[in-house]
Amino acid sequence: MSEAYTIAVVPGDGIGPEVVREGLRVLERVASIEGFRVATTTYPFGAEHYLKTKEIFPESAFSEVRQQRAILLGAIGDPRIEVGLLEFGIIAKMRFELDLFVNLRPVKLYAEHLCPLKDKKPEDVDFIVVRENTEDAYAGMRGFFKKGTPDEVATQEIIFTRKGTERVIRYAFELARRRGRGKKLTLVDKANAVRAMDLWARVFEEVGREYPDIARDHAYIDAACMWCVKNPEWFDTVVTSNMFGDILTDLAAMIQGGLGIAASGNIHPGQVSLFEPIHGSAPKYAGKNVANPLATIMAVSMMLDYLGETRGAARIEETVAALLRSKRIPSLGSDSGLSTAEIGNLVIESLEQAKVPA
Ligand SMILES: NC(=O)c1ccc[n+]([C@@H]2O[C@H](COP(=O)([O-])OP(=O)(O)OC[C@H]3O[C@@H](n4cnc5c(N)ncnc54)[C@H](O)[C@@H]3O)[C@@H](O)[C@H]2O)c1
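Within each chain, residues carry numbers counting from 1 in the order of the written sequence. Residues qualify for local features only when their pLDDT is at least 70, as the model is predicted, and side-chain atom pairs are given and counted only at 80 or more; totals for whole chains, interfaces and linings, by contrast, use all residues. Heavy atoms from the whole structure form the basis of all side-chain values; hydrogens and water molecules are not counted.

Draft legend 1. The arrangement of the pairing of strand S2 (residues 38-42) in detail. One bridge is not enough; two strands pair if DSSP finds at least two bridges between them. Runs of E in the DSSP output that reach at least two residues are strands. Runs of H or I that reach at least four are helices, and both are numbered from the N terminus. Strand direction decides the pairing type here: strand S1 (residues 5-12) and S2, joined by five bridges, are parallel. In the strand pairing of S2, Ala8 is matched with Thr41.

Draft legend 2. Structural view of the packing of helix H1 (residues 16-34) against helix H9 (residues 294-307). Only the stretch in contact is used when fitting a helix axis, every axis being a line fitted to C-alpha atoms; angles between N-to-C directions are given from 0 to 180 degrees. Packing of H1 against H9 brings their axes to within 8 Å, and their N-to-C directions diverge by 45°. Looking at the two axes, H1 sits oblique to H9. The two elements H1 and H9 meet at a crossing, and its hand is right-handed. On the side of H1, the interface is formed by Val19, Val20, Glu22, Gly23, Val26, Leu27 and Val30, while H9 contributes Thr296, Ile297, Val300, Met303 and Leu304. Counted by class, the contact of H1 with H9 contains nine nonpolar, two polar and one charged residues. Any angle between 65 and 115 degrees counts as roughly perpendicular, while under 35 counts as roughly parallel, over 145 as roughly antiparallel, and the rest as oblique. Left-handed describes a crossing in which the near helix is turned anticlockwise from the far one by less than a right angle; the clockwise case is right-handed. Working rule for contacts: check all heavy atoms of both residues, and any pair within 4.5 Å makes them a contact. For this classification, the nonpolar set comprises Ala, Val, Leu, Ile, Met, Phe, Trp, Tyr, Cys and Pro, the charged set comprises Asp, Glu, Lys and Arg, and every other residue, Gly included, is treated as polar.

Draft legend 3. Main features of the environment of Thr6. Residue placement: Thr6 occurs in strand S1. Put simply, Thr6 and Gln67 are 61 residues apart on the chain and 8.5 Å apart in space, counted from C-alpha to C-alpha. Discounting residues that sit within four places of it in the chain, Thr6 has contacts with Ala39, Gln67, Gln68, Arg69 and Ala70.

Draft legend 4. Structural context of the pattern of salt bridges. Counted as salt bridges are all cases of a side-chain nitrogen of Lys or Arg within 4 Å of a carboxyl oxygen of Asp or Glu. The tally for this structure, following the rule as stated, stands at 29 salt bridges. Among the salt bridges present, the one from Glu34 reaches Arg311, with a minimum N-O distance of 3.0 Å. Taken together, the residues Glu34 in helix H1 and Arg311 in helix H10 (residues 310-325) connect sequence positions 277 residues apart. Classification of Arg311 as partly exposed rests on a relative accessible area of 33%. Salt-bridge contacts for Glu112 lead to Lys121; the nearest nitrogen and oxygen are separated by 3.8 Å. Under the scheme applied here, a residue whose accessible area is under 20% of the maximum for its type counts as buried, over 50% as exposed, and between as partly exposed, the area being computed with a 1.4 Å probe on protein chains only.

Draft legend 5. Up close: helix H6 (residues 198-208). Of all the residues in H6, the buried ones are Leu199, Trp200, Val203, Phe204, Val207 and Gly208. Seen from one end, H6 has its buried residues packed into an arc of 145°, which puts them on one side. The directions from the helix axis to the C-beta atoms are what the arc is built from.

The structure is reproduced here in structure tokens:
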């Protein structure tokens, strides 16, 4: 039998452990149907662990995580702890130190009734956003001068490097080609006001000349938000910077039905990569068994696709899509009338019947 895929699991805070539990049950079932093996190691990092030990993410554990094939993350964040402390110490640490330079966000509507836009159908909402994941304002070059006084100055640098811009744009061109859908790549920037983004425009043109089969398209971020709501069918593959991608993909989650379905991959091709639901720890629902685990289950699907288990990935995606189309899972929020575990059960029971390509 083939070697097991080693997966580091960080359930984290709030609803994280509940949704990750369902994601792992689905993963095990798919593995047994498709005949591959997984070996998971669970790490306790998050608010409870921090409060007990004052430890955020020790280097010994980090060097173990680094050696796994992939990471599955629930959510990090707890109202008892200073804003950003754990988010930076755990999520940003992995993104930056593992150099996960692509944040991949498929935006797909699985059932028409989930879309808040009038007359938009699943074929109208099917694009993918490639967000740069290691630079921009998130690089952490910031400071306060005369803090707390009337003369206070606060700064945070937006940084883009040639290398960082080029590698993510190249990844997006390759992806647009692999998707083979609209064969179009839209660059979303704000080069008219944030002049540093001229770098993005130049690199996009330069790299784009190597991909004559992919149409080059452009939108400023403000207009891209408008198009996302008005004509989402115009997008195929989108590439953008860290902050614009952060904002655009939450808007995009709403047109695919809500945070309860939106998943992402934090990727460095060929190296350990991280998969997670895009929602946070939703503290008000923690421990109540009402959170929707589908975003985490879709993150498991993305993780399998990344690992090369494309049949397993497609099996999960098709199962979730069929359950949503049939309204057996009627909504994506906490109001579906189904508990977290019941949604997990429905997915697990239906996996075997999913129509997947041979
Ligand atoms: N990647 C991450 O771990 C991540 C991402 C975003 C926010 N956070 C952190 O999470 C905490 C809470 O942040 P927030 O309230 O802004 O965002 P959130 O995504 O946790 O919750 C926003 C609202 O969305 C709904 N929701 C989210 N996920 C849901 C699910 N699976 N099922 C049903 N409803 C769901 C809930 O109504 C919730 O109140 C903060 O500490 C924040 O820093 C972490």
